[in-house]
Amino acid sequence: MKLNIAVLKGDGIGPEIMNQALATLDAIANRFGHQFCYQEALAGAHAIDEVGDPYPKETHDVCMKADAVLFAAVGSLKYDNDPTAPVRPEQGLLAMRKQLGLFANIRPVATFDCLLHKSPLKEDLLRGADFIVIRELTGGMYFGDKYQDNDKAYDTDIYTRPEIERILKVAFEYAQKRRKHLTVVDKANVLASSRLWRQISKEMELQYPDVTTDYMFIDNASMRVLTEPRFFDVIVTENTFGDILTDETSCITGSMGLQPSASLGLHTPLFEPVHGSWPQAAGQNIANPIAQILSAAMMLEHFHLMEEGTLIRRAVDASLSANVRTPEIQVEGGKHYGTDEVGQWIADYVKNE
């Protein structure tokens, strides 16, 4: 298979972890006879510094022409520490999602048995947890009307029926392919937008009688993903709640550096780790590349290259079992491995296994 892949390395640790994902993809291409063609493009703070725009038209054109976008992360202390900055790296991420029509963010949450001890949660609560969070990505407060002056500010949390129906359709269909259990997370006791979500969910659940559908307020869901993670199969929720909830799930895996994601919608699909750019660690060869590598595996599986994706997952599992890990998940007294070393070990496994 030939795939044209737009590569957006972004900021901070982005280039380092992306290089390891590309090395793994190259190993897959060589082993299975595929052709992966990469075209790099600017995004984030790097793009602002170069051309004044965190998601330039040239980058969008590259993404639209590609079969898939492999994205790392954006964000810079230069902009984080300047509240008056008129343009921010994260605006590029929002623009990319909106312009590519990426309304469905798919975030799998699963445990690694050899890493249960790295979680702050009790092992007996975690073992066997395996669920997906589906986050609506282009609506809600992040994209609604905004206002701010010295004395007042607001963000408008707006959703329309078509926006809600299309993300719920994705969620119901994912549940049908898994354990047939969908949890709709909202705040319908307080928010009008959530009441519309629940109304439409109630209507649509009749179309999926094979799926058990339940409803949970976001505050309760935030507690239960940490106290009863095995309860969940597929969770669907709106943009802001999903942003918070999916970061919280890093407590289950033990590190955000292990969590990949996919963003799907109207145009080119995008695959990225859930973590940020961690600018403080840039250039230190300590960032965990596994989430980026697993994002590449999700990309391959999206194109039905299941054997290839499975091999990458097997390589990741093998690296963790062999204690080839970056510092934040290494066992006490274990050998130090950097970003490059972990990535190379996984790529070599793909080549030679």
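If you're wondering where the values come from, they're calculated on a predicted model, not measured in any experiment.

Undergrad: What is the right way to look at the packing of helix α9 (residues 218–227) against helix α10 (residues 239–248) in this model?
TA: Pairs of packed helices are described in terms of their axes, by the angle between the two and the distance that separates them. Two elements in contact, α9 and α10, have axes separated by 10 Å at closest approach and are oriented at 15°. Relative to α10, α9 is oriented roughly parallel. For α9 against α10, the interelement crossing comes out right-handed. Where α9 approaches α10, its residues I218, A221, S222, V225 and L226 are matched on the opposing element by F241, L245 and E248. Across the contact of α9 with α10, the residue classes tally to six nonpolar, one polar and one charged.

Undergrad: Mind showing me how you'd approach unusual backbone geometry here?
TA: Where the residue is not glycine, phi is negative for most of them; where a peptide bond is considered, it is trans in most cases. Despite not being glycine, W278 has its phi angle at roughly 40°, a positive value. Residue placement: W278 occurs in the loop between β12 (270–273) and α12 (290–302). Overall, W278 belongs to the partly exposed group, its relative accessible area being 41%. In this structure, N285 takes a positive phi of about 60° despite not being glycine. Residue position: N285 is located in the loop between β12 and α12.

Undergrad: Please clarify how the packing of helix α13 (residues 306–321) against helix α14 (residues 339–352) should be interpreted in this entry.
TA: Put simply, α13 and α14 touch, their axes get as near as 9 Å, and they point 130° apart. Taken together, the axis directions place α13 and α14 in an arrangement best described as oblique. Our pair here, α13 against α14, has a crossing hand that is right-handed. Two secondary-structure elements touch here, α13 through L311, R314, A315, V316, A318 and S319 and α14 through W345, I346, Y349 and V350. Across the contact of α13 with α14, the residue classes tally to eight nonpolar, one polar and one charged.

Undergrad: Looking at this structure, I do not really get the nonpolar core. What am I missing?
TA: Across soluble globular proteins, nonpolar side chains show a tendency to be buried alongside one another. If you look at the biggest cluster of nonpolar residues, it comprises 68 residues, and the most contacted ones within it are L25, I134, L182, V236 and L300. Dropping the residues within four chain positions of it, L182 is found in contact with A171, F172, A175, V211, T212, T213, D214, V234 and V236. Core analysis: the second largest hydrophobic core is formed by 18 residues, A221, F241, L245 and I252 among them.

Undergrad: How should the sheet that holds strand β2 (residues 35–40) be read in this particular structure?
TA: Strand pairing in a sheet takes place through backbone hydrogen bonds and is either antiparallel or parallel in direction. With mixed pairing, 10 strands are arranged side by side in an open sheet as β2-β1-β3-β12-β11-β4-β5-β10-β8-β9. Each having just a single partner strand, β2 and β9 (212–217) make up the two edges of the open sheet. Averaged over all pairs of adjacent strands, the angle between their axes in this sheet comes to 25°, without regard to strand direction. Two strands pair when backbone bridges link them, and strand β11 (residues 260–264) and β12 are joined in this way by four bridges, in the antiparallel orientation. Paired with A262 across the strands is F271, a residue of β12. Against the sheet, helix α1 (residues 14–32) makes contact with β1 (2–10), β2, β3 (68–73) and β12, and its axis sits at roughly 165° relative to β1, the strand it touches most. In the packing of α10 onto the sheet, contacts are made with β4 (104–110), β5 (130–136), β8 (181–186) and β10 (234–237), and the angle to β5 comes to roughly 150°.

Undergrad: Help me out: how do you make sense of the pairing of β3 in this one?
TA: Both faces of the sheet carry side chains from a regular strand, because those side chains alternate between them. Most of β3 sits inside the fold, with six of its six residues counted as buried. Sheet topology note: the β1/β3 ladder contains five bridges and is parallel. Bridge pairing in β3 links I5 to A68. As paired strands, β3 and β12 are joined by two bridges and run parallel to one another. Within β12, the residue paired with V69 across the bridge is L270.

Cut-off values and rules
Residues numbered from 1 in each chain as written. Predicted model: local features only at pLDDT ≥ 70, side-chain atom pairs only at ≥ 80, totals over all residues. Heavy atoms only, no water. Axes fitted to C-alpha atoms, helices over the stretch in contact; angles between N-to-C directions. Helix = DSSP H or I, 4+ residues; strand = E, 2+ residues; numbered from the N terminus. Parallel < 35°, antiparallel > 145°, perpendicular 65-115°, else oblique. Left-handed = near helix turned anticlockwise from the far one by under 90°. Contact = heavy atoms within 4.5 Å. Nonpolar A, V, L, I, M, F, W, Y, C, P; charged D, E, K, R; others polar. Buried < 20%, exposed > 50% of the residue type's maximum accessible area, 1.4 Å probe, protein only. Core = buried A, V, L, I, M, F, W, Y, C linked by side-chain atoms within 4.5 Å. Pairing = 2+ DSSP bridges.

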